Amino acid sequence: MNFLQSSVGRKVLMAITGQLMVLFVVVHLLGNSTIFIGLINSYAEHLHSLGPFVWVFRLALLAMVLIHAYYGIQVTLENRAATPQKYAVNRQLKVSLAGSSMIWTGLTLACFIVYHLCHFTARLTSDVAGFAGQVPGDVYRMLVTSFSHGLTVFVYVAAMVALCFHLFHGIQSFFQTMGWNSECSLPLFSKLGKVVAVIVLIGYGSIPVAILAGILS
Amino acid sequence: MSSHNEHKTMTLTLIVWRQKNATAQGKFDTYTAKGITEHHSFLEMLDVVNEDLIKGGKEPIMFDHDCREGICGMCSQVVNGVPHGGQERTTVCQLHMRKFKDGDTIYIEPWRARAFPIVRDLIVDRSALDTIIQAGGYTSCHTGGVPDGNAILVSKPDADYAMDAAECIGCGACAAACPNSAAMLFTSAKVAQLAALPQGKPEAAVRVKKMLDAHKECGFGNCSNHYECQAACPKGINVKFIAKLNREYLKAHLG
Amino acid sequence: MILDGKCPTGPIEKTWDKHRFDLKLVNPANKRKYNIIVVGTGLAGGAAAASLGELGYNVQAFCYQDTPRRAHSIAAQGGINAAKAYPNDGDSIYRLFYDTIKGGDFRAREADVWRLAQVSNNIIDQCVAQGVPFARDYAGYLDNRSFGGAQVSRTFFARGQTGQQLLLGAYSALSRQIAAGTVKMYNRREMLDLVVVDGVAKGITCRNLITGELESYAADAVCLCTGGYVNVFYLSTNAMGCSVTANWKAYKKGAYFANPCYTQIHPTCIPQAGDYQSKLTLMSESLRNDGRCWVPKNKADLAKHPDEIPEEARDYYLERKYPSFGNLAPRDIASRAAKEQCDDGRGVGPGGRGVYLDFSTAIKRVGADTIKERYGNLFEMYEKITDENGYKRPMRMYPAPHYSMGGLWVDYNLQSNIPGLFVLGEANFSVHGANRLGASALMQGLADGYFVIPYTIGGYLAGIKPGTVTTADPEFKKSTNEVKAYSQKLLSINGKKTVSEFMRELGGLMWENCGMARTESSLKDNLKKIPALREEFWKNVKVSGTGGELNQDLENAGRTADFLEFGELMCRDALHRKESCGGHFREEYQDQGEAERDDVNFCYVGAWEFKGEKAEPELHKEPLKFDNVHLAVRSYK
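Here the structure is a predicted model, which is why all the values come from computation and not from measurement.

**Topic: the nonpolar core**
No. 1: Residues Leu14 and Phe42 of chain B are the most contacted members of the largest nonpolar core, which totals 284 residues.
No. 2: Leave out the neighbours within four places in its chain, and Phe42 of chain B touches Gln77, Val79, Val92, Leu95, His96, Met97, Phe100, Ile106 and Ile108 of chain B.
No. 3: In this structure, Met283, Tyr322, Ile371 and Tyr398 of chain C belong to the second largest nonpolar core, which totals 33 residues.

**Describing empty space enclosed by the protein**
No. 1: Within this structure, the stated rule accounts for 15 cavities of 30 Å³ or more.
No. 2: Within this model, the second largest cavity holds a volume of roughly 230 Å³.
No. 3: Considering the residues around the second largest cavity, the lining is formed by 22 residues, among which His39 and His96 of chain B together with Ala273, Gln277 and Ile385 of chain C are closest to the centre.
No. 4: Residue composition of the lining of the second largest cavity, by class: eight nonpolar, ten polar and four charged.

**So, the interface of chain B and chain C**
No. 1: Listed by partner, the interface residues are 81 residues for chain B and 80 residues for chain C.
No. 2: Taken together, the two surfaces of chain B and chain C that pack against each other cover about 6,700 Å², and 50% of this comes from carbon and sulfur.
No. 3: Taken as a group, Asp66, Glu69 and Thr143 of chain B account for 10% of the area that chain B buries against chain C, more than any other trio of residues on that side.
No. 4: Applying the counting rule to chain B against chain C returns eleven salt bridges.
No. 5: Glu380 of chain C is paired through a salt bridge with Arg89 of chain B; the nearest N and O atoms lie 3.7 Å apart.
No. 6: Secondary structure elements with two or more residues in the side of chain B that touches chain C: α1 (42-55), β6 (118-120), β7 (123-124), α2 (127-134), α3 (156-166) and α5 (184-196) of chain B.

**Remarks on the sheet that holds strand β14 (residues 355-358) of chain C**
Residue and element names in this part refer to chain C.
No. 1: Spatial ordering of the open sheet is given by β11-β15-β14-β12-β13, a layout of five strands whose pairing is antiparallel. Either end of the sheet is taken by a strand with one partner, and the two such strands are β11 (263-269) and β13 (314-315).
No. 2: Note: strand β12 (residues 292-296) against β14, three bridges, orientation antiparallel. Along β14, the bridge assignment pairs Cys293 with Leu357.

**Topic: the arrangement of the chains**
No. 1: The pair of protein chains exhibiting the most contacts, out of two pairs of chains in contact, is chains B and C.
No. 2: You won't find any contact between chain A and chain C; their C-alpha atoms come no closer than 18 Å.

**Some words on the packing of helix α3 (residues 52-82) of chain A against helix α5 (residues 102-121) of chain A**
Residue and element names in this part refer to chain A.
No. 1: It is at 10 Å that the axes of α3 and α5 come closest, and there the two elements cross at 155°. As judged from the angle between their axes, α3 and α5 are roughly antiparallel. For α3 against α5, the interelement crossing comes out left-handed. On α5, the residues touching Arg58, Val65, Gly72, Ile73, Thr76 and Arg80 of α3 are Ile103, Trp104, Leu107, Ile113 and Thr121.
No. 2: Grouping the amino acids of the contact of α3 with α5 by side-chain chemistry returns six nonpolar, three polar and two charged.

**Comments concerning the interface of chain A and chain B**
No. 1: Tallying the contact residues gives 41 residues for chain A and 48 residues for chain B.
No. 2: Summed over both partners, the interface of chain A with chain B buries about 3,800 Å², with 54% contributed by carbon and sulfur atoms.
No. 3: Contact with chain B buries surface across chain A, with Met1, Tyr87 and Gln176 of chain A losing the most and accounting together for 18% of the total.
No. 4: Run the count over chain A and chain B and you get one salt bridge.
No. 5: Here Lys240 of chain B makes a salt bridge to Glu183 of chain A, at a shortest N to O gap of 2.8 Å.
No. 6: Across the contact surface, chain A and chain B share 26 residue pairs in polar contact (both at pLDDT 80 or more).
No. 7: Elements supplying a minimum of two residues to the side of chain A that touches chain B: α1 (7-32), α3, α4 (97-100) and α7 (150-177) of chain A.
No. 8: In the side of chain A that touches chain B, the residues fall into 15 nonpolar, 19 polar and seven charged.

**Some thoughts on the domain arrangement of chain C**
Residue and element names in this part refer to chain C.
No. 1: According to the domain assignment, chain C contains domain 1 (12-264 + 403-461), domain 2 (267-401) and domain 3 (474-602).
No. 2: The interface formed by domain 1 and domain 3 contains six salt bridges.
No. 3: Linking domain 1 with domain 3 are 22 residue pairs in polar contact (both at pLDDT 80 or more).
No. 4: Counting residues per element, the ones that place at least two in the side of domain 1 that touches domain 3 are β6 (189-197), β7 (200-208), β8 (214-218) and α7 (245-252).
No. 5: Ranked by the residues each element gives to the side of domain 1 that touches domain 3, the list is headed by β6, at six residues.
No. 6: For the side of domain 1 that touches domain 3, a count of residues per class yields 25 nonpolar, twelve polar and eight charged.

**Overview of unusual backbone geometry**
No. 1: For the bond from Val135 of chain A to Pro136 of chain A, the omega torsion is -10°, close enough to zero to count as cis.
No. 2: Looking at the element boundaries, Pro136 of chain A is found in the loop between α5 and α6 (139-146).
No. 3: Residue Ser181 of chain B is not a glycine yet carries a positive backbone phi of 50°.
No. 4: Here Ser181 of chain B lies in the loop between α4 (173-177) and α5.
No. 5: With a phi close to 50°, Arg188 of chain C is a non-glycine residue in the positive phi region.

**Remarks on the pattern of salt bridges**
No. 1: Under the definition given, this model contains 74 salt bridges over all chains.
No. 2: Between Arg126 of chain B and Asp66 of chain C there is a salt bridge, with its nearest N and O atoms 3.1 Å apart. Of this pair, Arg126 of chain B sits in the loop between β7 and α2 while Asp66 of chain C sits in the loop between β2 (58-62) and β3 (80-81), on two different chains.
No. 3: Overall, the relative accessible area of 2% leaves Arg126 of chain B in the buried class.
No. 4: With a closest N to O distance of 3.1 Å, Glu588 of chain C and Arg586 of chain C form a salt bridge.
No. 5: Residue Glu588 of chain C is classed as partly exposed on the basis of its relative accessible area of 35%.
No. 6: What makes Arg586 of chain C buried here is its relative accessible area of 0%.
No. 7: It is possible to trace a salt-bridge network through shared partners that takes in Asp105, Arg107, Arg577, Glu579, Arg597 and Asp599 of chain C.

**Focus on the sheet that holds β2 of chain C**
Residues and elements named next belong to chain C.
No. 1: Across the sheet, five strands lie side by side as β5-β2-β1-β9-β17; this open sheet has parallel pairing. If you trace the sheet from one side to the other, it starts and ends with β5 (183-186) and β17 (421-423), each paired once. The average angle at which neighbouring strand axes cross in this sheet is 20°, direction not considered.
No. 2: As judged from the four bridges shared by β2 and β5, these two strands associate in the parallel manner. Across the sheet, residue Val59 finds its bridge partner in β5, namely Val183.
No. 3: Packing of helix α12 (residues 441-461) onto the sheet brings it into contact with β1 (35-39), β9 (221-224) and β17, and relative to β9 it is tilted by some 150°.

**Digging into the packing of aromatic side chains**
Aromatic ring pairs are described here by two measures, namely the spacing of the ring centres and the angle between the planes.
No. 1: Under the criterion given, the structure shown has 48 aromatic pairs over all chains.
No. 2: Each ring, one from Phe24 of chain A and one from Phe57 of chain A, has its centre 6.0 Å from the other, and the planes form 50°; the classification is tilted. Of this pair, Phe24 of chain A sits in helix α1 while Phe57 of chain A sits in helix α3, and the two are 33 residues apart along the sequence.
No. 3: The partly exposed category is assigned to Phe24 of chain A, whose relative accessible area is 27%.
No. 4: Phe57 of chain A gets classed as partly exposed once you look at its relative accessible area, which sits at 49%.
No. 5: Where Phe422 of chain C meets Tyr460 of chain C, the ring centres are 5.7 Å apart and the plane angle is 70°; that geometry is what we call edge-to-face. Taken as a pair, Phe422 of chain C in strand β17 and Tyr460 of chain C in helix α12 lie far apart in primary sequence, 38 residues in all. Neither residue differs from the other here; Phe422 of chain C and Tyr460 of chain C are each classed as buried.
No. 6: A connected cluster of aromatic rings, assembled from ring pairs, spans Tyr229, Trp248, Tyr251, Phe257, Phe566 and Phe610 of chain C.
No. 7: Over the ring of Trp55 of chain A we find Arg58 of chain A, and its NZ or CZ is 4.9 Å from the ring centre.
No. 8: One residue, Lys184 of chain C, lies across the ring of Tyr186 of chain C, its end atom 5.0 Å from the ring centre.

Here is what the cut-offs are and how they apply
All chains use their own residue numbering, which begins from 1 and follows the written sequence. Both sets of labels track the order of writing: A upward for chains, 1 upward for ligands. For a predicted model such as this one, the threshold for reporting local features is a pLDDT of at least 70, and the threshold for listing and counting side-chain atom pairs is 80 or more; totals across whole chains, interfaces and linings nevertheless cover every residue. Excluding hydrogens and water, the side-chain figures rest on all heavy atoms present in the structure. Grouping buried Ala, Val, Leu, Ile, Met, Phe, Trp, Tyr and Cys residues that are joined through side-chain atoms within 4.5 Å yields what is termed a nonpolar core. Buried, partly exposed and exposed residues are distinguished by accessible area as a fraction of the type maximum, computed with a 1.4 Å probe on protein chains only: under 20%, between the cut-offs, and over 50%, respectively. By the convention used here, residues are in contact when the closest approach between their heavy atoms is within 4.5 Å. Cavities and pockets are defined on a 1 Å grid built over the protein atoms alone: a cavity is a set of grid points where a 1.4 Å probe fits but cannot escape, while a pocket is an open set with protein on both sides within 12 Å along at least five of seven lines, and lining residues are those with an atom within 4 Å of any such point. Grid points are joined across faces, edges and corners, and a volume is the space filled by probe spheres set on the points. For this classification, the nonpolar set comprises Ala, Val, Leu, Ile, Met, Phe, Trp, Tyr, Cys and Pro, the charged set comprises Asp, Glu, Lys and Arg, and every other residue, Gly included, is treated as polar. Buried area is understood as the total, over both parts, of accessible area removed when two parts are fitted together, assessed with a 1.4 Å probe. Here, a salt bridge means any side-chain nitrogen of Lys or Arg that lies within 4 Å of a carboxyl oxygen of Asp or Glu. In this description a helix means any DSSP run of H or I spanning at least four residues, a strand means any run of E spanning at least two, and both kinds are numbered starting from the N terminus. The rule for pairing is simple: two strands pair if DSSP sees at least two bridges between them. To obtain each axis, a line is fitted to C-alpha atoms, and for helices this fit is confined to the stretch in contact; angles are then taken between N-to-C directions over 0 to 180 degrees. We call two directions roughly parallel when the angle between them is under 35 degrees, roughly antiparallel when it is over 145, roughly perpendicular when it lies between 65 and 115, and oblique otherwise. Helix crossings get a hand from a simple test, with the near helix turned counterclockwise from the far one by less than a right angle marking a left-handed crossing and a clockwise turn marking a right-handed one. Here a polar contact is taken to be a pair of N or O atoms separated by no more than 3.5 Å, where protein atoms must pair a possible hydrogen donor with a possible acceptor and residues adjacent in sequence count only if both atoms sit in side chains. Boundary definitions for the domains trace back to an automatic or database domain assignment. A pair of Phe, Tyr and Trp rings is counted when the ring centres sit within 6.5 Å of each other, with Trp represented by its six-membered ring. The angle between the planes then sorts it: under 30 degrees is stacked, over 60 is edge-to-face, the rest tilted. Counted as over-ring charges are cases with an Arg CZ or a Lys NZ within 6 Å of the ring centre that also lie within 35 degrees of the ring normal.

Structure representation (structure tokens):
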């Protein structure tokens, strides 16, 4: 059986793509945080000046999302098939809500990514239609306009909650899958994953919330 | 005998999975266990129920059991949703009724996983675990013709690590507890034991690949790092061995 | 009849080598033409099936469990002996041989024991190569401990789970052969008959425990590796499925049953808590390295908490009676001493069936942590079962049936008196005499399986043509019909008492009258009561279900029926042996409480031949000669 069919092989692939996306998420968060020091427009300008690299980067990210999602769905379907009958009483000692909802938080994030790209990248939705012509343009104004709508803020915050859940399980899982765990490192990685997940939630969540609350305007 | 009280007995309601054979439709039936003391083991409590059933002309509840001292790995019951009942590092044969209260209702189910088809009542077919070992859970040494035991030095930490893994009793609780029905803890325990010892190193790469292939072909699911297996394992086998298996697998492919 | 063990002659240290050379060999190309049946997959059976398969024979292996890895060898805790002499403390093959003969109270064959001691070293090497994680010292060398009263450290161990690790080693070797196709494994099969064609063992009849179907298997040789029979006492340390059935069926087909009265009662088991109890749990006797056995001197103290009993009111009876061995006295002696205290009305715990095993002195000396490191898993197990903390209050212990030294009679080649029937491990009678030393059972099982049968079976097979009998032979049909009729009879009685009730009753009779101490009158009493109980069983047992399905009640009924017959033979053997030796203690034959052997009249193996359901069995004798060890009184004072 080759690497891409094997249980561990696919898991490793998911772990690596997942972890690279976590890195992206962290870098993206650092970039976005420039909004709090008023530098987001120049940050966006700087990114767009990279030219073709932006597309290389976007395609690489797309590939990671697709690989991660494809194997995630495949493995989940296999796992469901392996457990045809559930227990009448289901008491779990260790399984976390984050762990057992990976497929749902994952699918939620997939939908969110599509929406997010349509929203701020392609600018197809009505609230940002005015910014569609100018890329990157006044990103700060675009965000403020967009996140003045409660519903949009809710969608973004909800997605970040899903991401937080996903990372709660996902980050520690990466270390285990790569085989880097020992008896003492496991709880440490587990804590680290949770801390990163919460930072990501607070970091990303703070932007729309701050705008809605009128802190950024 | 501080805790010994001969006169206090319990009455319990049991809701037990009954299934005539592999193909029959199964269902839950309700039974009452009377006159149970805190010193009864869980299986002795079932013995009492079965004696009543036999005397009443009914078929006793069939369940796998043999050594009744927690080492053979034969007993296999999910008690109130947890394989072996959820007492730490305890097989269901070593679980004692002092963990229950008078009037409790107890659900008893067989291991449930596609790779463990039900044979009858609480008995399942675990030959898939044998298949995984047959795929490579050994060193290919011949009987006779091996070097002196002390010719192969094994550091104490390595020997202890291998022993920690080797404590697995092959009961299948890991797969029964796993939300994905993966027997990865079982598989990894053997892979890790042999990979940690110099005797097992020459075949380590082939072994891990073959055993993982067998694991998949048997119909077990994939590990997604929930660690429910370790919590349910009556020997407390650590999930660090799954990490070791992953490492060995990567080594086999990359190194 | 005088039996001949066919032991090689000449200097003892050359016997096995010479014999191996004298044995005929089967041509490698011909080996696959021979079919061998191995029943049981414990240490002996697993090792035998793996080794024979590897040699190229066609092996069919059978076990009643769902996988070969669960045989009860797995429960052995303490360790395995070998004469490696790694610690440089004076051990040698000769000393292991001597200790085993003496420990067996001079009732085993010298040549067999010598061979065991000789191959013991190969076993360790073999297991290490298989990846058995034996304990190591910090330099990476194999660690040893002193065990079971031995004066040297020759016991190899893997924590408190040596049996498990050795069995898993054999199981892995077996798995390798199953994958290679040389061994075909049949799980969940119970052997219910031996098929003998023209006086030669040619196959077995099994019940498929899942479907209930009866199946016939033919072969050129049959190896029984089916363990011991101490479940005849109902409560023992054996697994629930351990039975005498396979051996008993072979006995009824003509195989001689040797020394059935030799049973070992292990001194350190957790006492029975109530009548519902289904089995007893052994605690490794390594506990006696640090634990001190005592009972209150005064009956008035029995109800007190042990802490309230002052030092001077405690009777450390082993230290008092056996000052040089103290708490490490051999099993039979320690068991009997415990029983004496309880019979004297000074036993502790429910029913006065218990003695204290006290670790407080050791904890004071080396600290609780060290004790925890040494025996942590045992203390944990004790607490799970009794809900008492062994660090804080002394454990309660009581002897329990544990091992059977007797078994089917075999010659030096492990072949029974039926040609083609080989018996290995605990199922045979050969090396432990009247008492087995600690850490010797694992050694024997693996010796027989890895290093004896692969040679000796070749000697037999080389002399016969392969495949002469198939399952088409009318004997197979006849056997199947008989087994079917037997099951039907059990199912059709539909009486009032359950199988367990009969088994409990039989166990009670055996324990009371043929247990740790026996008398002429107790045995005669049993010889009346057991046939009566058997008669009642066949009139009044209630077995539920049918024969054509998975039916554990029927399985138990069959095993109980055999125990009801076997128990009588055991008492008969115990009655005829008018001496005390090892695990067989006749109260009439003692010298100030110590067993009194009668070498003039009883220095022989007593092997019983089945003569029919109504007839009495016939006793055959194999005289024992001791050329290398001086017959002496076994003293541990």
